[in-house]
Amino acid sequence: MEKYKQVIDELIKFRDERDWEQFHDSKNLALAISLEAAELNELFLWKSGNDVENIKKDRLKEELADILSFSFLLAEKHNLDVFEIVLEKIKSNAEKYPADKAKGTAKKYNEL
């Protein structure tokens, strides 16, 4: 938790030093997450087989950091604990995807 708080504090410091909070409303943060996710997808575009798993780690780290940074800022804006909401989602998914029915299949919960 300490490291998470450090990351949030650094993100806010970085943002505030540049007076960017004015641009960080929920809509823009959500759009930024989507755009950065598209850049992550671009790393995998037209690749298959081993090429998919052998993308440049530096680029992967860069795009994931962008996605996570905007996600953390959006969560912080709405006073959401990212660890808590992920654990809640895992619990919810466990109910929708019971291991005995979902194991080894990519079917959606309503198809199990």
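Look up: the structure comes first, before these words.
This is a predicted model, so every value here is computed, not measured. (Residues numbered from 1 in each chain as written. Predicted model: local features only at pLDDT ≥ 70, side-chain atom pairs only at ≥ 80, totals over all residues. Heavy atoms only, no water.)

(A) Structural view of the environment of F83. Note that F83 resides in helix α5 (residues 82-96). Taking the C-alpha atoms as reference points, F83 and S48, separated by 35 residues in sequence, lie 32 Å from one another. In contact with F83, not counting residues within four places along its chain, are M1 and Y4. (Helix = DSSP H or I, 4+ residues; strand = E, 2+ residues; numbered from the N terminus. Contact = heavy atoms within 4.5 Å.)

(B) Seen up close, the nonpolar core. Listed in full, the nine residues of the largest apolar core are Y4, I8, L11, I12, L29, F72, L73, A75 and V82. Of all the secondary structure elements, the ones that give two or more residues to this core are α1 (2-17) and α4 (57-77). Ranked by the residues each element gives to this core, the list is headed by α1, at four residues. In contact with Y4, not counting residues within four places along its chain, are F72, L80, V82 and F83. (Core = buried A, V, L, I, M, F, W, Y, C linked by side-chain atoms within 4.5 Å. Buried < 20%, exposed > 50% of the residue type's maximum accessible area, 1.4 Å probe, protein only.)

(C) View of the pattern of salt bridges. Applying the stated criterion across every chain, the model contains five salt bridges. Across the pair E17 and R18 runs a salt bridge, and its minimum N-O distance is 3.5 Å. Judged by its relative accessible area of 56%, E17 is exposed. (Salt bridge = Lys/Arg side-chain N within 4 Å of Asp/Glu carboxyl O.)

(D) Up close: α1. With 16 residues, α1 should cover 22 Å at 1.5 Å per step; its first-to-last C-alpha distance of 22 Å lies within 8% of that length. By the burial criterion, the buried members of α1 are Y4, I8, L11, I12 and R15. The arc that holds the buried residues of α1, viewed along the axis, is 95 degrees, so those residues lie on one side. Across from the buried face of α1, at angles greater than 90 degrees, the exposed residues are E2, K3 and E17. Looking at the buried residues of α1, the elements they touch are α4 and α5. In the stretch just after α1, D19 is the one whose phi turns positive, near 55 degrees. (Expected span 1.5 Å × (residues − 1). Arc of directions from axis to C-beta.)

(E) Representation of the packing of aromatic side chains. Under the defined criterion, the tally for this structure stands at four aromatic pairs. With a centroid separation of 5.6 Å and 75 degrees between ring planes, the pair formed by F14 and W20 is classed as edge-to-face. Among the residues examined, F14 registers a relative accessible area of 40% and is labelled partly exposed. For W20, a relative accessible area of 36% gives the class partly exposed. A ring pair is formed by Y97 and Y109, whose centres lie 5.9 Å apart and whose planes are at 85 degrees; its orientation type is edge-to-face. (Phe/Tyr/Trp six-rings, centres within 6.5 Å; stacked < 30°, edge-to-face > 60°.)

(F) Molecular detail of the packing of helix α2 (residues 26-44) against α4. At their nearest, the axes of α2 and α4 sit 9 Å apart, and the two run at 165 degrees to each other. Between α2 and α4, the crossing angle belongs to the class labelled roughly antiparallel. Considering only the axes of α2 and α4, their crossing is left-handed. Across the interface between the two elements, S26, L29, A30, A32, I33, E36, A37, E39, L40 and L43 from α2 touch R59, L60, E63, L64, D66, I67, F70, S71, L73, L74 and K77 from α4. Considered class by class, the residues forming the contact of α2 with α4 number 13 nonpolar, two polar and six charged. (Axes fitted to C-alpha atoms, helices over the stretch in contact; angles between N-to-C directions. Parallel < 35°, antiparallel > 145°, perpendicular 65-115°, else oblique. Left-handed = near helix turned anticlockwise from the far one by under 90°. Nonpolar A, V, L, I, M, F, W, Y, C, P; charged D, E, K, R; others polar.)

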